[in-house]
Amino acid sequence: MAASAGAPKDLIGFLDYYFVNKAPFQIPQAGREWLVQFGPWIVIVLLVLSLPAVLLLLGIGSTWPPFGVSGYRWGYAQPYGWSYTNAHWLWLIGLVVPFALLALSLPGLFARKMSGWRLAFYAEVISLIAGVAMLDVVSALIGALVWFYVLFQIRPLYK
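Residues numbered from 1 in each chain as written. Predicted model: local features only at pLDDT ≥ 70, side-chain atom pairs only at ≥ 80, totals over all residues. Heavy atoms only, no water.

1. Observations concerning the overall build of the protein chain
Here comes step 1: When helices and strands are tallied, the protein chain shows five helices and two strands.
Here comes step 2: Written out in order from the N terminus, the α and β elements of the protein chain read α-α-β-β-α-α-α.
Here comes step 3: For the protein chain, with 159 residues in total, the buried portion stands at 36%.
Here comes step 4: Look at the contacts in the protein chain between residues 6 or more apart in sequence, and 63% of them connect residues 24 or more apart. (Helix = DSSP H or I, 4+ residues; strand = E, 2+ residues; numbered from the N terminus. Buried < 20%, exposed > 50% of the residue type's maximum accessible area, 1.4 Å probe, protein only. Contact = heavy atoms within 4.5 Å.)

Encoded structure:
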């Protein structure tokens, strides 16, 4: 039986098919080399800029615990039970987990290893899922399209 000429069934193959093979515009090779060379430094800058938000979400540096226990924070009861809404937890997951994955991907990105690229890819997938779950669909999709395009354009430079 002949193989179909359509997009592959796995996620990375599917996205590679559309962001590289079917993309109307390709980043020039010099641009790809520049992104691979300076991309890890750009990631470091983005991590430093998002560090205050991560620390705020984790409650580090504040005078109250970050996670309420049965609606109580330091002895005072919340009027409606829980001290945080579900959106807080989604925001926490959508910011802290990609932050950690990007930080873990830095050694691989500097060494041009595929493991670093995969961690950066998974960080963007989790950001997309969290953004859609928080009903921030338009900006989550636009951000994911831009980052996936860049990630898949530079993917062949990682071994």
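2. Here we look at the pattern of salt bridges
In a structure, side chains of opposite charge can pair up when their charged atoms sit close to one another.
Here comes step 1: Applying the stated criterion to the full structure yields two salt bridges.
Here comes step 2: Residue Arg-155 is joined to Asp-16 by a salt bridge in which the shortest nitrogen-to-oxygen separation is 3.8 Å. Here Arg-155, found in the segment after α5 (137-154), pairs with Asp-16, found in helix α1 (residues 11-21); they are 139 residues apart in sequence, far enough to count as distant.
Here comes step 3: For the salt bridge of Arg-112 with Glu-33, the shortest nitrogen-to-oxygen distance reads 3.3 Å. Of this pair, Arg-112 sits in the loop between α3 (86-110) and α4 (114-133) while Glu-33 sits in helix α2 (residues 29-58), and the two are 79 residues apart along the sequence. (Salt bridge = Lys/Arg side-chain N within 4 Å of Asp/Glu carboxyl O.)

3. Observations concerning α2
Here comes step 1: The end-to-end C-alpha distance of α2, which contains 30 residues, comes to 40 Å, matching closely the 44 Å that a straight helix rising 1.5 Å per residue would cover.
Here comes step 2: Where α2 bends most, at Phe-38, the angle is about 50 degrees, and the proline Pro-40 comes one to four residues later.
Here comes step 3: By the burial criterion, the buried members of α2 are Arg-32, Val-36, Gly-39, Pro-40, Val-43, Leu-47, Ser-50, Val-54 and Leu-57.
Here comes step 4: Looking one or two residues beyond α2, the residue adopting positive phi is Gly-59, at roughly 80 degrees. (Expected span 1.5 Å × (residues − 1). Bend = angle between axes of the 7 residues up to and from the residue.)

4. Thoughts on the packing of α2 against α5
Here comes step 1: Between α2 and α5, the shortest axis-to-axis distance is 10 Å and the interhelical angle comes to 135 degrees. Here α2 lies oblique to α5, going by the angle between them. Relative to α5, α2 is oriented so that their crossing is left-handed. Note on element contacts: α5 touches α2 through Trp-147, Val-150, Gln-153 and Ile-154, opposite Arg-32, Leu-35, Val-36 and Leu-46. (Axes fitted to C-alpha atoms, helices over the stretch in contact; angles between N-to-C directions. Parallel < 35°, antiparallel > 145°, perpendicular 65-115°, else oblique. Left-handed = near helix turned anticlockwise from the far one by under 90°.)

5. Considerations on the packing of aromatic side chains
Here comes step 1: Enumeration over the complete set of coordinates arrives at twelve aromatic pairs.
Here comes step 2: Consider the rings of Trp-117 and Phe-121, whose centres lie 5.5 Å apart with planes at 5 degrees: the pair is stacked. Note that Trp-117 and Phe-121 are positioned in helix α4 at a spacing of four residues, about one turn of the helix.
Here comes step 3: With a relative accessible area of 0%, Trp-117 lands in the buried category.
Here comes step 4: Centroid distance Trp-117 to Phe-152: 5.2 Å. Interplanar angle 80 degrees. Geometry classified as edge-to-face. Separated by 35 residues along the polypeptide, Trp-117 in helix α4 and Phe-152 in helix α5 bring together distant segments of the chain. Here the two residues Trp-117 and Phe-152 agree in accessibility, since each one is buried.
Here comes step 5: Taken together, the aromatic side chains of Phe-19, Trp-117, Phe-121, Tyr-122, Phe-148 and Phe-152 make up a single cluster linked through ring pairs.
Here comes step 6: Above the ring of Trp-117, the side-chain terminus of Arg-155 is found at 5.2 Å from the ring centroid. (Phe/Tyr/Trp six-rings, centres within 6.5 Å; stacked < 30°, edge-to-face > 60°. Lys NZ or Arg CZ within 6 Å of the ring centre and 35° of its normal.)

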